[in-house]
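Inside the fold
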Amino acid sequence: MMQQPVFPTVQENIEYIRDALFHTDDLVSQTVAIPGHTSQFLFMYTMCDQQKIREEILKPISENKGADLKDLLISMRANKHNDLERAIDLLVSGNAVLFIEELKECYVIEVKSSHVRSVSEPANERIVEGSHEGFVENVSINLQLVRKHIANRNLVVRRYQLGNETKIEAVIIYLRNLANPAIVEEIDHRIQSIEADSITSAEFVEEYIEESSLSPFPQLLHTERPDRVIGNLLEGRVALLAEGSPTALIMPVTFFSFYQSPDDYGYRSIQASFIRFIRVFSFVIAVALPAYYIAVVSFHFEVIPQDLLLPIKSSIEHIPFPPILEALFMELTIELLREAGMRLPGPVGQTIGIVGGLVIGDAVVKAGLVSNAMIIVVALTAIASFVVPSHEMSGSVRILRFPVMIAAALFGFIGIVYSLMIILIHLCLLESFGRPYFAPVAPFRWKDWKDTFIRMPQHKLNRRPQDPAPQQSNLQPQSEKEEKRDGQSEGATN
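Residues numbered from 1 in each chain as written. Predicted model: local features only at pLDDT ≥ 70, side-chain atom pairs only at ≥ 80, totals over all residues. Heavy atoms only, no water.

As recorded by an unreviewed UniProt entry, the chain carries the name Spore germination protein and is attributed to Paenibacillus lutimineralis.

Once that is clear, we can look at unusual backbone geometry. At the junction of A439 and P440, the peptide bond is cis and its omega measures out at 5° in the coordinates. Take P440: it is sitting in the loop between β12 (435-436) and α16 (480-486). Here the amide bond leading from A442 into P443 is cis, since omega sits at 0°, within 30 degrees of zero. With a phi close to 55°, H23 is a non-glycine residue in the positive phi region. Secondary-structure assignment places H23 in the loop between α1 (10-20) and β1 (27-34). Residue H23 is classed as partly exposed on the basis of its relative accessible area of 46%. Phi is positive for F433, close to 55°, though the residue is something other than glycine. Within the secondary structure, F433 sits in the loop between β11 (431-432) and β12. In this structure F433 comes out as buried when scored by relative accessible area, which is 1%. (Helix = DSSP H or I, 4+ residues; strand = E, 2+ residues; numbered from the N terminus. Buried < 20%, exposed > 50% of the residue type's maximum accessible area, 1.4 Å probe, protein only.)

Another point: the nonpolar core. Counting 59 residues, the largest nonpolar core has V146, F217, V229, L233, F255, Y259 and M393 as the members making the most contacts within it. Considering each element in turn, this core owes the most residues, 9 residues, to helix α9 (residues 269-298). Two domains each donate at least three residues to this core, and these are domain 2 (139-251) and domain 3 (265-435). Judged by nonpolar contacts, the second largest core, of 24 residues, contains Y160, L162, I209 and M251. (Core = buried A, V, L, I, M, F, W, Y, C linked by side-chain atoms within 4.5 Å. Domains from an automatic or database assignment.)

Before going further, it helps to examine the side chain of S215. Its location among the elements puts S215 in the loop between α7 (202-209) and β8 (221-223). For S215, a relative accessible area of 11% puts it in the buried group. Polar contacts involving the side chain of S215 include one to the main-chain amide nitrogen of F217, which spans 3.2 Å. Among the polar contacts made by the side chain of S215, one reaches the side chain of H426 at a distance of 2.7 Å. Once residues lying within four places of it in the same chain are set aside, the contact partners of S215 are H426 and L430. (Polar contact = N/O pair within 3.5 Å; in protein donor to acceptor, adjacent residues only side chain to side chain. Contact = heavy atoms within 4.5 Å.)

Attention shifts here to helix α13 (residues 372-385). For α13, with 14 residues, the first-to-last C-alpha span of 20 Å sits near the 20 Å given by 1.5 Å per residue. For α13, the set of buried residues is A373, M374, V377, V378, T381, A382, A384 and S385. Projected down its long axis, α13 shows its buried positions confined to an angular sector of 165°, all on one face. Turned more than 90 degrees away from the buried face of α13 sit I376 and I383, all of them exposed. On its buried face, α13 sits against α9, α10 (306-316), α11 (323-343) and α14 (391-411). (Expected span 1.5 Å × (residues − 1). Arc of directions from axis to C-beta.)

So, on to the sheet that holds strand β9 (residues 238-242). Read across the sheet, 5 strands follow the order β6-β7-β9-β10-β8 without closing on themselves; strand pairing throughout is antiparallel. Each end of this open sheet is capped by a strand with a single partner; those strands are β6 (155-162) and β8. Across the sheet, the axes of successive neighbouring strands diverge by a mean angle of 25°, strand direction being ignored. The sheet contact formed by strand β7 (residues 168-175) and β9 spans 4 bridges and is antiparallel. Its bridge partner being in β9, I172 is matched across the sheet by L240. Set on the sheet, helix α8 (residues 226-233) makes contact with β6, β7, β8, β9 and β10 (248-251); between it and β8 the angle comes to about 140°. (Pairing = 2+ DSSP bridges. Axes fitted to C-alpha atoms, helices over the stretch in contact; angles between N-to-C directions.)

Glancing now at the sheet that holds strand β3 (residues 79-81). Spatially, β1-β2-β4-β5-β3 is the arrangement adopted by the 5 strands of the open sheet, whose pairing is antiparallel. If you trace the sheet from one side to the other, it starts and ends with β1 and β3, each paired once. The mean angle between the axes of side-by-side strands here comes to 30°, regardless of whether they run parallel or antiparallel. Where β1 and strand β2 (residues 37-44) come together, 8 bridges link them in antiparallel fashion. Each residue of the ladder has a partner; that of S29, found in β2, is L42. The sheet strands contacting α1 are β1, β2 and β4 (95-100), and the helix crosses β2 at an angle near 15°. Here helix α4 (residues 84-92) sits on the sheet and contacts β1, β2, β3, β4 and β5 (106-110); the angle it forms with β4, its principal contact strand, is near 140°.

Attention now goes to the packing of aromatic side chains. Enumeration according to the criterion identifies 17 aromatic pairs in this entry. An aromatic cluster is present here, built from F217, F255, F256, Y259, F283, Y437, F438, F444, W446, W449 and F453 joined pairwise through their rings. (Phe/Tyr/Trp six-rings, centres within 6.5 Å; stacked < 30°, edge-to-face > 60°.)

Written out as structure tokens, the structure reads:
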């Protein structure tokens, strides 16, 4: 954008700004009596706090009538600018701009109005043990929630302005002594390369900076919990926050990061390991159980135990549709009920989910459209997909089950094996900012399994997860000094 120097007369500056803002009606100009100077300040009344204007501008002027201009500006906490275009950007962001006759400079005073909800636990990430704080839609408050738990001079904040039209504020935060500098610079490069008119929240940034936007698996971890962000920062990762969004994006991550919860570190290790294993195993159930049932009923009746053979046969013998159509019908019905429950008001949504599931399930069985066994399989699959602590991974699991079901209907067990092999190969090849997505399974690193499928006692988690040199990437490997530092004793939490 071309720079426009500040004009020497107040009226010229005001006319230029009014024309630049197309004479919008919420632009207010007010004269202030600075001794020995003709001056006016402009502000957007829809963006500014009237009390702050009285305290930050009018009160210092009224109380310091005999003060030197320089001292007066210091008391008003005014920042000097000589570019009108920059001043206009600050004006529409909620600042007041002060013009003084014959000065080719303007002064910006922050008087932005802030309407922020109270810090409370995120509704979609509730836990039993641990902190119950959650991020809000204000970046400054979110940074405060992180900094009060990490009072460390190595905690670095980098600011960005995203969206050619929206111009929202975004920040990345990381611990300089723990994060890999190559990863930080790559993230910085990708964020600065974003060219978009509309960026309104942190979630909009994800598809611009992730490795493969066509992959069904999320490559950035979403969270509204400060403790989860803090745990990942202490493991050397980077978090992104944006104004207007309570969600933080954590990068780089692995597949198993989505199955870890802050609850795991509040329970004792045996209990936490049991719950963690159930979560990871739920991925297999959610993806493969409907496909397994379809393959057994359609091709492989011989694998059914003798005692179950007659009950299953009697359940499906009068069903007019093949198992794949049964499964697709019920899975799509579950998805419709889930979406309706989310969109409707809270009490109504819960009622629709419970009553709709019971009524539809009972009705389709009595009508002979779906077997009892299929209802059980679909219900178990739905429950398994909701076990995931991460909403993004839960959505990926629900999508993946459909191609696996179709492969099972066409080729039986062979179709299931090949489709799961394709998913596994994709997981092994996928990267998150140059780092293997399926680590520590591929590449295999036994020492990092202490906090993957299970959660070992805290005193055993005395090393951070290994940060390997990138594979097939233009990122530079971590220096020997950084690798040595990453191996120092430090508790690893999520």
